[in-house]
Amino acid sequence: MFAFDTEKFPDGMGIPLKIAAIYAVAAGLWILFSDELLAWLANDPATLTRLSIVKGWFFVVITAVLLYLLVKRYITLLRYRDQHLQQAVQGVATATGEEFFASLVQQLASVLNADFVLVGELAGEDRGWVQTIAVYGDGQPQKNFTYELAGTPCEDVIGSSTRGCSYPSGLREKFPANHLFADMGMESFIGTPLCDSGGHPLGVISVLSRRPMKDLATAQALFRIFAVRAAAELERRQADEALREVAVKYRIVADNTYDWEFWTDPDGRFIYTSPSCQRLTGHPPADFISDPGLVDRLVHPDDRTLFAGHNHAMRSDSTMGEMEFRIVHPDGGIRWIHHVCQPVFDDDGTFLGRRGSNRDITGRKETEDALKAQFEQISTIFDSLNAIVCVADMENDTLLYLNHYGVSLFGQDWQGKTCSDVLRPGRQGGRTFCPTNRLVQDGEPQPPCVWEFQNSVTGRWYQCTDRAIRWPDGRLVRLEIAVDISERREMEGMKDEMISAVSHEMRTPLTAMLGFTEFMLENEVDADQRRAFLTTIHKESARLNELISNFLDLQQIKARQTTYRFRPVALPHLLRDAAALFAADYDRHRITVDCPFDLPPIQGDEKRLHQVLANLISNAVKYSPQGSHVALGARREGELVILWVKDEGMGIPLELQERIFDRFYRLDNTDRRLVGGAGLGLALVREIVSAHGGRVWVESTPGKGSTFYVSLPASRDGEVSSETP
Ligand code: ADP
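Attention in this report is confined to the structure presented alongside it. What you see is a predicted model, and the numbers here were worked out from it, not measured in a lab. (Residues numbered from 1 in each chain as written. Predicted model: local features only at pLDDT ≥ 70, side-chain atom pairs only at ≥ 80, totals over all residues. Heavy atoms only, no water.)

## Digging into the sheet that holds strand 14 (residues 399–402)
- A sheet is described by the order of its strands in space; here five strands give the open sequence 14-13-19-18-17, paired in antiparallel fashion. Each edge of the sheet is formed by a strand with only one pairing partner; in this case those strands are strand 14 and strand 17 (449–454). On average, each strand axis in the sheet is inclined to that of its neighbour by 25°, with strand direction left out of account. (Pairing = 2+ DSSP bridges. Helix = DSSP H or I, 4+ residues; strand = E, 2+ residues; numbered from the N terminus. Axes fitted to C-alpha atoms, helices over the stretch in contact; angles between N-to-C directions.)

## Overview of helix 17 (residues 527–558)
- For helix 17, built from 32 residues, the straight-helix expectation of 46 Å at 1.5 Å per residue is met to within 8% by its first-to-last C-alpha distance of 46 Å.
- Within helix 17, the full set of buried residues consists of Phe-533, Ile-537, Glu-540, Leu-544, Leu-547, Asn-550, Phe-551, Asp-553, Leu-554, Gln-555 and Ile-557.
- For helix 17, the N-terminal capping position is held by Asp-526, with its side-chain oxygen 3.3 Å away from the main-chain nitrogen of Asp-528.
- Looking one or two residues beyond helix 17, the residue adopting positive phi is Arg-560, at roughly 55°. (Expected span 1.5 Å × (residues − 1). Buried < 20%, exposed > 50% of the residue type's maximum accessible area, 1.4 Å probe, protein only. Polar contact = N/O pair within 3.5 Å; in protein donor to acceptor, adjacent residues only side chain to side chain.)

## Some details on the nonpolar core
- Residues Leu-616, Ile-617, Leu-632, Val-645, Ile-660, Phe-708 and Val-710 are the most contacted members of the largest nonpolar core, which totals 55 residues.
- For this core, the leading source of residues is helix 19 (residues 606–622), giving eight residues.
- The residues contacting Leu-616, other than those within four sequence positions of it, are Val-645, Leu-682, Val-685, Phe-708 and Val-710.
- Residues Phe-101, Val-111, Leu-112 and Ala-227 belong to the second largest nonpolar core, which totals 29 residues. (Core = buried A, V, L, I, M, F, W, Y, C linked by side-chain atoms within 4.5 Å. Contact = heavy atoms within 4.5 Å.)

## Some details on the side chain of Asp-553
- Here Asp-553 is to be found in helix 17.
- Judged by its relative accessible area of 14%, Asp-553 is buried.
- Residues within four places of Asp-553 in sequence aside, it is in contact with Thr-562, Arg-608, Gln-611 and Leu-684.

## Some words on the sheet that holds strand 11 (residues 334–345)
- Ordered in space as 9-8-12-11-10, the five strands form an open sheet in which the pairing is antiparallel. Every interior strand has two partners, whereas the edge strands, strand 9 (270–273) and strand 10 (321–328), have only one. In this sheet, neighbouring strand axes are inclined to one another by 25° on average, regardless of whether the strands run parallel or antiparallel.
- When strand 8 (residues 260–264) meets strand 9, the two strands line up antiparallel, connected through three bridges. The residue bridging Phe-262 from the neighbouring strand is Thr-273, located in strand 9.
- Of the strands in this sheet, strand 10, strand 11 and strand 12 (351–360) touch helix 12 (residues 362–383), which is tilted by about 125° from strand 11.

## A look at the pattern of salt bridges
- Enumeration according to the criterion identifies 27 salt bridges in this entry.
- Asp-393 is the partner of Arg-475 in a salt bridge, and the nearest nitrogen-oxygen pair spans 2.6 Å. Here Asp-393 lies in strand 13 (residues 387–393) and Arg-475 lies in the loop between strand 18 (461–470) and strand 19 (476–484), a separation of 82 residues in the sequence.
- Taken together, the shared-partner salt bridges connect Asp-115, Asp-138, Arg-210 and Arg-211 into one network. (Salt bridge = Lys/Arg side-chain N within 4 Å of Asp/Glu carboxyl O.)

## Points about the packing of aromatic side chains
- All chains considered together, the criterion is met by 20 aromatic pairs.
- Their ring planes at 40° and their centres at 5.8 Å tell us that Phe-145 and Tyr-147 sit as a pair that is tilted.
- The exposure class assigned to Phe-145 is partly exposed, which follows from its relative accessible area of 27%.
- Taken together, the ring pairs connect Tyr-167, Phe-175, Phe-181 and Phe-189 into an aromatic cluster.
- Of note, Arg-695 hangs over the ring of Trp-697, and the distance from its end group to the ring centre comes to 4.2 Å. (Phe/Tyr/Trp six-rings, centres within 6.5 Å; stacked < 30°, edge-to-face > 60°. Lys NZ or Arg CZ within 6 Å of the ring centre and 35° of its normal.)

## Quick notes on the packing of helix 17 against helix 19
- Viewed as axis vectors pointing N to C, helix 17 and helix 19 meet at an angle of 130°, and their least axial separation amounts to 13 Å. Here helix 19 runs oblique to helix 17, going by the angle between their axes. In the crossing of helix 17 with helix 19, the sense of the turn from one axis to the other is left-handed. Where helix 17 abuts helix 19, its residues Glu-546, Asn-550 and Asp-553 lie against Arg-608, Gln-611, Asn-615 and Ser-618.
- In terms of residue class, the contact of helix 17 with helix 19 is built from no nonpolar, four polar and three charged. (Parallel < 35°, antiparallel > 145°, perpendicular 65-115°, else oblique. Left-handed = near helix turned anticlockwise from the far one by under 90°. Nonpolar A, V, L, I, M, F, W, Y, C, P; charged D, E, K, R; others polar.)

## Structural notes on unusual backbone geometry
- Look at Asp-138: it is not a glycine, yet its phi comes out positive at around 50°.
- Following the sequence through the fold, Asp-138 ends up in the loop between strand 2 (129–137) and strand 3 (140–142).
- Given the relative accessible area of 49%, Asp-138 is considered partly exposed.
- Of note in the backbone geometry, Asp-442 takes a positive phi value of approximately 55° without being a glycine.
- Note on Asp-442: relative accessible area 80%, which makes it exposed.

Have a look at this one:
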C-alpha cells in the first residue's frame, strides 16, 4: 500500500537490482561482441592492439560514469528523505493539542505520500469505538467522525500490542464488509497503536493508500518517530479532558459558593476560579486564568515567602495543603484567606492538578486579634496579682497559660506540663476536688468551684477557685485562680495553739491573783502581809502582761502589721538600759555588761531590740539559779556586731537548741515547767532579729549554762535612717 513515489524515494532494492541486471547484460554483450566489432573495423594487428586498448578504457570509463551517476542519485534521494523527515518532525514539534494532531496527520500524509491519515482515540463505554481527533485525506483536512472498531484493520492494530499492523496490499479483499474501503478504492493500510505510559492502548494512527505499499520497513520506522509523541499528546489530552469533566461538575457547585473555589493544572496554573474571587481580590476569574502570576502579586509582602514555600511544597507533595495568608485588595484593605487545596487524580492515578478553596477569614482574624488584645490586657492584670492564675485543658489538664506569679514559683518550663504536675506535684487524684463535670454540664459552664490544697514541694497552702471559661479557639477550658493562704492558715493554727497554750499559762498567774485578792477581801491582813500579797499579785500581773504582749507582738509580726522604725542605735546604751531594768527587778542575780564604748551603732528599731534583750535576760534569769552571774556583752566582728547574754543556768541539750525558737515550744523538764512561760519569747526574738537582717542562736552545755548570741549588721558611717514596714 505504501506506494512510495519513485521520484522521491529510492525504491528499496528493486532499482539497484534492475540497474545491476541491465549492466550485467550490457557488459556481457559488450564482451561478446566488442571483439567482432574491432575485427570488423581493422585488420592489421597494430591497429587492432590500439583499438583493444581504447575498448578497455571505454569500458572502464562507461562503468565509472554509471557508478558515479548511481551513487550521486542515491545520496540525493537519501538527503531528500532526511530533509523531508526533518521537515515533518519540525512541523509537529512545536504544536500541542488539536494543532499537533492536525499537523501530524498532514505531515504523515505528506511524508508517506498516503491518501488518507487519521488519528483517533478509543471511545465508548467498552472502548469499542474510535473517535477521530484529526483526519487528513486527499490533500486536505477532513471532518472528524466516529467508527466502530470491530471488523476494521484498526481492531488488529489495537490488538497488536505496541507493534502495529499492516496490509501492504489487497485491503479491500481482506475487509470485504468495509464499504468505505471499496468506495474510496483503498488498497493498503498501516497502523500503529497509541499507548499510555502504562502500555494501555488509548488510540490509533492509521494510514491508507490507494496503491500497494512497497517499503514497509521505512514506513514503520517513520511511525515509530511519530507514534511515541502522538501517544504522549493523546494521554495529556485525555488527562485534560478528565480534568475538564470533573471541573465542569465542580464548577456548577463552585460557581454558587461564597468561598473562592479554584482548580489548577499540574503546573499550578488556574483552569477555573469561582466568581467569589472578585469579592476577595477585586479581580474577575478571567484575570487569574490569563495571568498566572497575579495571585503572587496580590499576596501581602510579609506573607510572600510563606506562600511561595507552600506552592513549592504543593508541586512536589501530593498531600492536602493548608495555610493562612493575607491578600492586599485593590481598595487598600487587607483580606485574610484560609487556603486549602488537594491533589486530583484520575482513575489510573494520573495527577490532574489541584482543587481548592480560599475562604475569607478576615472577620475571624479581626475577632481573634481583638480577643488577643483583650487577653493581653487581662494577662497584664493577672501578672500583677499575687495569686497563681492558670488555664488548663479540660480533657488532658495540659497548662495553656500561667501568669508571672505562677512562673516565679514553679519555673519557666511549664509549657506542655499538666496543671496537676506543676501546681500539685505528688498529689494523687488532685482533680477530684473539682472534677470537670462539676465545672461543665451539658456543654455549659457552671458556677465556680472553690477548694483548698497544699503543694507538697513548697508546703504552701492554696485556695483555688476553678471555673470553665471559653478559650479563644472556642473550646471550654479550666481557669484556676490559686491564692496563697499559707499565712492565713498559719494564723488560724496559731490561734488554736494559742488558745490551748496561753489559756493554760494565763490560768497560773490568774489563779494566784484571784487567790490572794480573795484572801485579802475575806480576811484581815496586816500591812506586811498585804505588801507581800500585793507584790505577788503585781509580779503575776506583770507575767500575764508579758505573756499577752509577747503573743500580740508575735501575731502582729507574723501578720506583717508591725512597723519598724530603723535608726542608729548605740549598743552600750541599749545593753545598760536592759540590764538596769533587770538589776532592779531581779536582785537575786548579778548582771554585768561588757561593751566597748567605741562600738559602732547599728541600724535598728531601739524598742524592738530592747524587747530582744529583755526576753533573753528574762530567760537567763528564769532558768539559772539564784545568785548566779548573767553577763551581757557586745563586740564587733567585721561587718557585724555580736550581742550575747550568758547565764550559768540549767542549759539546753544540743538537739533542742534549734527547736526552742519555735512558737510555743518549751523544754519538758520539771524544773523548767515550774518556771512560768508560754514558749513565745524566743520565737519573738527570732522574728525581730530576722527583720533586722540578723541571726540568733544559742551555745549551751546542760548543767553549766547557755549563751544566746545575736548578730546584727553594723551601721555604716553617715547612713541615713529610714522607716521600713
Ligand atoms: P518561755 O516563755 O517558756 O521562756 P521562750 O520562748 O522564751 O519561752 O523559751 C523557750 C524555752 O527555751 C523555754 O521554755 C526554756 O525551756 C528554754 N530556755 C530559754 N532560755 C533558756 C535559758 N537561758 N536557759 C535554759 N533554757 C532556756
